[in-house]
Amino acid sequence: MNLRPHRRQPVDINLAPLIDVVFLLLIFFMVSTTFKDEARLRVQLPQAQGEDIPAQEPAMIRVVIDRAGRFFVDDREVTDTRTATLARLLTERRGEDSAIPVLIQADAATPHQAVMTAMDAASQAGLTRIAFAATRSEGAAP
């Protein structure tokens, strides 16, 4: 008979899995939390300070978008503002020349969706050269 007291090994707690779980929970809560300050963000758009367009403009398709979101292709109003209709009109306008540039002149108060619709229609029409018109800021040097 063994009457000597049996010594138990000291209990060792492995903290590595616990720390991993705590960090995963921390990351989950940081990613899934919404902040109320998002609505207060104010974005100030940059002003254009580029070169003037020469008096002799190359052949291009002009798409003008007014502040109400109406489209005008080469000074003709497009009554149907769907992307497919605008793409069909741009395809007819470009003819065989797929390298003709498209100039998008959007009002400063134009909804962003209208500009995206014009870009999408130009892409669907096979027009890849897209430029945006801007006015020179008053403080800009010539």
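Because the structure is a prediction, the values reported are computed rather than measured.

This part is about the overall build of the protein chain. In terms of regular secondary structure, the protein chain is built from three helices and five strands. When the helices and strands of the protein chain are placed in sequence order, the string is α-β-β-β-α-β-α-β. The proportion of buried residues among the 142 residues of the protein chain is 21%. For the protein chain, the share of sequence-separated contacts (at least 6 apart) that also reach a separation of at least 24 residues comes to 70%. As displayed, the protein chain has an accessible area near 12100 Å², and 56% of this comes from carbon and sulfur atoms.

Within soluble globular proteins, side chains that are nonpolar generally end up buried alongside one another. Judged by nonpolar contacts, the single largest core of 20 residues is most densely connected at V63 and L90. At the level of secondary structure, the elements contributing two or more residues to this core comprise β1 (61-65), β2 (71-73), α2 (83-94), β4 (102-106) and α3 (112-124). Looking at which element gives the most residues to this core, the answer is α3, with five residues. Other than its neighbours up to four places away in sequence, L90 contacts I61, V63, V73, A121, A122, A125 and L127.

Through backbone hydrogen bonds, the strands of a sheet pair up, either in parallel or in antiparallel fashion. The strand order β3-β2-β1-β4-β5 describes an open sheet built from five strands, whose pairing is mixed. Two strands bound the open sheet, and with one partner strand each, they are β3 (76-78) and β5 (130-132). Put simply, the sheet's adjacent strands are angled 25° from each other on average, direction ignored. Two elements, β1 and β4, share five bridges in a ladder whose sense is parallel. Bridge pairing links V63 to I104 in β4.

Turning our attention to the pattern of salt bridges. Taken as a whole, this structure holds three salt bridges when the rule is applied. Measuring nitrogen to oxygen at the nearest pair gives 2.6 Å for the salt bridge that ties R70 to D66. Residue classification places R70 among the partly exposed positions, given a relative accessible area of 41%. Under the relative-accessibility criterion, D66 is labelled buried at 17%.

This part is about the confidence of the model for the protein chain. Per-chain confidence: the protein chain averages 78 in pLDDT, with 76% of residues scoring 70 or above. Here residues 38-46 scores under 50 on pLDDT; set against residues more than four positions off or in separate chains, the count is zero contacts.

Calculation notes
- Residues take numbers from 1 onward in each chain, read along the sequence in its written order.
- Under the rules for a predicted model, residues below a pLDDT of 70 receive no local features and side-chain atom pairs below 80 are neither given nor counted, while totals for whole chains, interfaces and linings still include all residues.
- In computing side-chain properties, one takes all heavy atoms of the structure into account and sets aside hydrogens as well as water.
- Secondary structure counts use DSSP, requiring at least four H or I residues in a row for a helix and at least two E residues in a row for a strand, with both numbered from the N terminus.
- Three exposure classes are used, based on accessible area relative to the maximum for each residue type with a 1.4 Å probe and protein chains only: buried under 20%, partly exposed in between, and exposed over 50%.
- Whether two residues are in contact is decided by their heavy atoms: any pair within 4.5 Å suffices.
- Only the protein chains shown count as cover for residues, with accessible areas throughout obtained via the Shrake-Rupley method and a probe of 1.4 Å.
- Buried Ala, Val, Leu, Ile, Met, Phe, Trp, Tyr and Cys residues form a nonpolar core when they are joined through side-chain atoms within 4.5 Å.
- Two strands form a pair only when DSSP identifies at least two bridges running between them.
- To obtain an axis, a line is fitted to C-alpha atoms, over the contacting stretch when the element is a helix, and the angle between two such axes runs from 0 to 180 degrees between their N-to-C directions.
- By definition, a salt bridge exists where a carboxyl oxygen of Asp or Glu is found within 4 Å of a side-chain nitrogen of Lys or Arg.
- pLDDT expresses, on a scale from 0 to 100, how confident the predictor is about each individual residue.

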